[in-house]
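# An overview of the molecular structure
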Amino acid sequence: DLGVIRKNAWRVLRLVNQLMDFRKIDENKMLAQVSENDLIEFTKDIMQVFERSAEKREIDFNLFSREANLRVWFDKNMIDKVLFNLLSNSFKFTPNRGRIHLSIEKDTSNSMSPFAKITIEDTGIGMSKEQVKHVFERFYQGGKYGIKGTGLGLSFSKELVNLHKGSIDV
């Protein structure tokens, strides 16, 4: 029982922190504190949080990249929140014995500094075209699957990616 209480308390704390971060974004007071990091290693560390759930639910959960490491500039705290949110959604909507694959590619279209493209694909229930149109709106919940959420995660992720001069799409 205490484990459930602790888990729910952490969920409430994360939600309150997201709301506070939204406020900072609205007030243009949130800035990315970037540093050069290995995105491959960083992503693997985040994936470890989900490994147990993947094993328990027999989900094929893997990272694919041609790069052994990829050094790019990003705010570790922000990108952690983005990846954690996207992976949480994938696990929420992917059935047992499904698949969640991440891929990371180097994008050298900008000669000044390499960018990265992160793709997350899963065998989840998917979204209708109408849901896709609204998925990054605050408080939007596709909602007909019986799975509850706040409707903040994807909107928040988009804001954090925008602060990195990046883009996110479905």
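Residues numbered from 1 in each chain as written. Predicted model: local features only at pLDDT ≥ 70, side-chain atom pairs only at ≥ 80, totals over all residues. Heavy atoms only, no water.

## Some thoughts on a nonpolar patch on the surface
- A cluster of nonpolar residues, Val12, Val16 and Met20, forms a patch on the protein surface that exposes about 270 Å² of accessible area.
- Note that Val16 resides in helix 1 (residues 2-26).
- Its relative accessible area of 41% is what places Val16 among the partly exposed residues. (Patch = residues over 30% accessible without salt bridge, like charges linked within 9 Å, V, L, I, M, F, W, Y side chains within 5 Å. Areas by Shrake-Rupley, 256 points an atom, 1.4 Å probe, with all protein chains shown as cover. Salt bridge = Lys/Arg side-chain N within 4 Å of Asp/Glu carboxyl O. Helix = DSSP H or I, 4+ residues; strand = E, 2+ residues; numbered from the N terminus. Buried < 20%, exposed > 50% of the residue type's maximum accessible area, 1.4 Å probe, protein only.)

## Considering the packing of helix 3 (residues 76-93) against helix 5 (residues 153-163)
- Interaxial distance between helix 3 and helix 5 falls to 9 Å at its minimum, and their mutual angle equals 145°. As for how helix 3 packs across helix 5, the hand of that crossing is left-handed. For the pair helix 3 and helix 5, the contacting residues are Met78, Lys81, Val82, Asn85, Leu86 and Asn89 in the first and Gly153, Leu154, Phe156, Ser157, Leu160, Val161 and Leu163 in the second.
- When the residues that make up the contact of helix 3 with helix 5 are grouped by side-chain class, the tally is eight nonpolar, four polar and one charged. (Axes fitted to C-alpha atoms, helices over the stretch in contact; angles between N-to-C directions. Left-handed = near helix turned anticlockwise from the far one by under 90°. Contact = heavy atoms within 4.5 Å. Nonpolar A, V, L, I, M, F, W, Y, C, P; charged D, E, K, R; others polar.)

## Observations concerning the side chain of His101
- Within the secondary structure, His101 is located in strand 4 (residues 99-107).
- Among the polar contacts made by the side chain of His101, one reaches the side chain of Asp60 at a distance of 2.9 Å.
- Ignoring anything within four residues of it in the chain, the contact list for His101 reads Asp60, Asn62, Phe64, Thr119, Ile120 and Glu121. (Polar contact = N/O pair within 3.5 Å; in protein donor to acceptor, adjacent residues only side chain to side chain.)

## Overview of the nonpolar core
- In terms of nonpolar packing, the biggest core is built from 20 residues, with Phe42, Phe61, Leu87, Phe91, Ile100 and Leu102 touching the most fellow members.
- Contributions of two or more residues to this core are made by helix 2 (39-56), strand 2 (60-65), strand 3 (71-74), helix 3 and strand 4.
- Considering every element that reaches this core, the biggest residue donor is helix 2, with seven residues.
- What Leu102 contacts, discounting residues up to four positions off in sequence, is Thr43, Met47, Phe61, Asn62, Leu63, Phe64, Leu87, Thr119 and Ile120. (Core = buried A, V, L, I, M, F, W, Y, C linked by side-chain atoms within 4.5 Å.)

## Structural notes on a positive patch on the surface
- Residues Lys7, Arg11, Arg14, Arg52, Lys56 and Lys92 make up a contiguous surface patch of positive charge.
- Sorting the residues of the positive patch by element identifies helix 1 and helix 2 as the ones contributing at least two each.
- Ranked by residues supplied to the positive patch, first place goes to helix 1 with three residues.
- Looking at where Arg14 falls in the secondary structure, it is placed in helix 1. (Lys, Arg positive; Asp, Glu negative; His and termini not counted. Charge placed at Lys NZ, Arg CZ, Asp CG, Glu CD.)

## Structural notes on the sheet that holds strand 5 (residues 115-122)
- Pairing is mixed in the open sheet, where three strands are placed in the order 2-4-5. Edge strands, defined here as strands with exactly one partner in the open sheet, are strand 2 and strand 5. Neighbour-to-neighbour, the strand axes of the sheet open up by a mean angle of 15°, direction not taken into account.
- In the sheet, strand 4 pairs with strand 5 via eight bridges, with the strands oriented antiparallel. Opposite Lys106, over in strand 5, you have Ala116 as the bridge partner.
- Sitting on the sheet, helix 2 is in contact with strand 2, strand 4 and strand 5, with an inclination near 170° to strand 2.
- In the packing of helix 3 onto the sheet, the strands contacted are strand 2, strand 4 and strand 5, and the crossing angle to strand 5 comes to about 15°. (Pairing = 2+ DSSP bridges.)

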